[in-house]
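# What the coordinates show
Spelled out, the chains give:
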Amino acid sequence: MSFIVKKKVNGKDYFYLNENKRVDGKVKTKTICYLGKSREIAEEKLKKMANKELIENESEKIVDLNTKISIEELASFCKSKGFVFRSSDLYGGFSGFWDFGPLGVEMFNNIKNHWWNFFVREKENMVGIDASIISHPRTWKASGHLDSFNDIFVKCKKCKRTSKVDEGEFGKVVCEDCGGEYESLGKFNLMFGTKVGAIDSETAYLRGETAQAMFMDFKLIQQTSRMQLPFGIAQVGKCFRNEIAPRDFLFRSREFHIGEFEFFINPEETKCDLLEKRQLDCKFNLLDEETQKKNSEELKEVLVSDLIKKKKLGEWHAYWLAEQILWFRSLGLDEIKIREHTKDELVFYSTATFDIDYLYPFGSREVAGNANRGQYDLGQHEKESKSKMEIFDEKAGKKVVPRVIEPTFGIERVFLAFLTKAYHDDKERGNVVLRLPAKISPIKVAILPLMKKEELEKPARELFVKLKKEFNCVYDKSGSVGRRYARNDEVGTPYCLTFDYDSIEKKDLTIRDRDTTKQVRIKISDAEVILKKLVNSEIEFGSL
């Protein structure tokens, strides 16, 4: 996969062609060549290169540069529109930390709420928790984070660029920029330490993941919620990792949100009674282990049922992988691919793990994952706490320590994926159009009086006050109506309602669709019901 990236050198922009390739099971990024000092020059040069067949590998595809944006440009756009700011920007920012602005927090909460509804409220066998960020220090001893949650800080011997690599990668990988050899500057644990207690303080840690609380509270939740196997516990919350090299905007930061759940199953139960045609026929692009061993990126279109037949995963694992894919698709993110972990990547207790990848401006990276964790985590806490983690399974008629399937989502990475896909520089309109799904758009509708006239503003504000109880909406009377449409296009508002002089007599208004710019007239009294159906994808704009 080849794509354009922008780099700043001494405050000036330079554009390069980068390439992603899988080497020894890992995706590595290499700079191929310099393309120019502007995106237009870079795009033109790349088109000429492609036409001359200088890029020979047929499996490589050039990113659609007319709609893509560099990660630096996306960060700048997010700041200018109130989506995301650098934390402590007043003092020059603080590396690895970000603040969600007024629009960003609305969109971020919409993603979390949609996730929660899909995976928790709509499921009979799921419950949720919201655990503390700091837990007993022995938590992280039991989980292995204190002993093995490490990265190697490295410096390139040739270009002196510093970075980090996984412990298992050191000595096997080279510098992404120049291909030089790395030297180790030391091993660092990624846990954030802190002190608890003003006088007799003890060392504790900010959680590095949300999973451990769900394991520790597992028996309490099973008893108080009267859950029977199989069942799951979900959580969305902040996590902290003391990253050596935070980078790529929100993708790799030191404070972030994970949405994940632990699904507990009798270890002897292999049949999944929830697995239906909807999941079995779920089709997706797979990068399997065999292909990776050939150092190839070729994707295969497969069904979930194919993976079960090939015994790449069990039925429960397949069910939750399909549900993850279906959740992304319910919000229009169809471009994901699934990567199977190779045997040498798997931790010893996992029989199968899959990454769900999305093509970001800086390359294809993990946005979510799904692991079969077996009985490992409950077993570790049983060992460390000296407390039994088994529960009585009524169906089996005996006590068992359940095995676990763990679907995980990086919520900031999901947020970033939606922004990346939605961003479109519309040359015809002359402005950016943020084509976000209506369900997660920060603002659902803008109410616009055609002119600053009392007879138009009064009914417009009355509708605004009414709709405000149901949707996050804005009232905008400043500037030409065309400029107001453009402002709302740029922040992803899917619909605009415009009051004109016909609205006074006919009791109707114009509703405009962001993506097509089409406009139709609807009755003012029908506006709320129609908007609900549009936002919830119950009707299409073209049917109005």
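In this text the structure is predicted, and so the values were computed from the model without any measurement.

## Let's talk about the pairing of strand E22 (residues 403-410)
Burial of E22 is extensive: 8 of the 8 residues sit out of reach of the surface. Of the two faces of E22, both are covered, the one formed by Arg403, Ile405, Pro407 and Phe409 as well as the one formed by Val404, Glu406, Thr408 and Gly410. Of the pairings in the sheet, the one linking strand E14 (residues 255-265) to E22 comprises 6 bridges and is antiparallel in character. Residue Gly259 lies in a different strand from E22, and its bridge partner there is Phe409.

## A short note on helix H11 (residues 315-330)
Relative to the 22 Å expected for 16 residues at 1.5 Å per residue, H11 spans 22 Å between its end C-alpha atoms, a close match to the ideal helical length. For H11, the tally of buried residues reaches 14 of 16 residues, placing the bulk of the element in the interior. Phi for Gly332, located one or two positions after H11, is positive at around 85 degrees.

## Quick notes on the pairing of strand E13 (residues 231-240)
Counting buried positions along E13 gives 9 out of 10 residues, so the element sits mostly inside the fold. Judged from the 10 bridges that link them, E13 and E14 form a sheet pairing that is antiparallel. When the bridges of E14 are listed, Val236 appears paired with Gly259.

## A look at unusual backbone geometry
Geometrically, the link from Leu229 to Pro230 is a cis peptide bond, its omega value of -5 degrees lying close to zero. One can find Pro230 in the loop between helix H7 (218-224) and E13. Although it is not a glycine, Ser88 sits at a positive phi angle of roughly 60 degrees. Along the chain, the position of Ser88 falls in the loop between strand E4 (84-86) and strand E5 (98-100). One non-glycine residue with positive phi stands out, namely Phe249, at about 60 degrees. Secondary-structure assignment places Phe249 in the loop between E13 and E14. The exposure class assigned to Phe249 is buried, which follows from its relative accessible area of 7%.

Reading the values: the criteria
- Residues numbered from 1 in each chain as written.
- Predicted model: local features only at pLDDT ≥ 70, side-chain atom pairs only at ≥ 80, totals over all residues.
- Heavy atoms only, no water.
- Buried < 20%, exposed > 50% of the residue type's maximum accessible area, 1.4 Å probe, protein only.
- Helix = DSSP H or I, 4+ residues; strand = E, 2+ residues; numbered from the N terminus.
- Pairing = 2+ DSSP bridges.
- Expected span 1.5 Å × (residues − 1).

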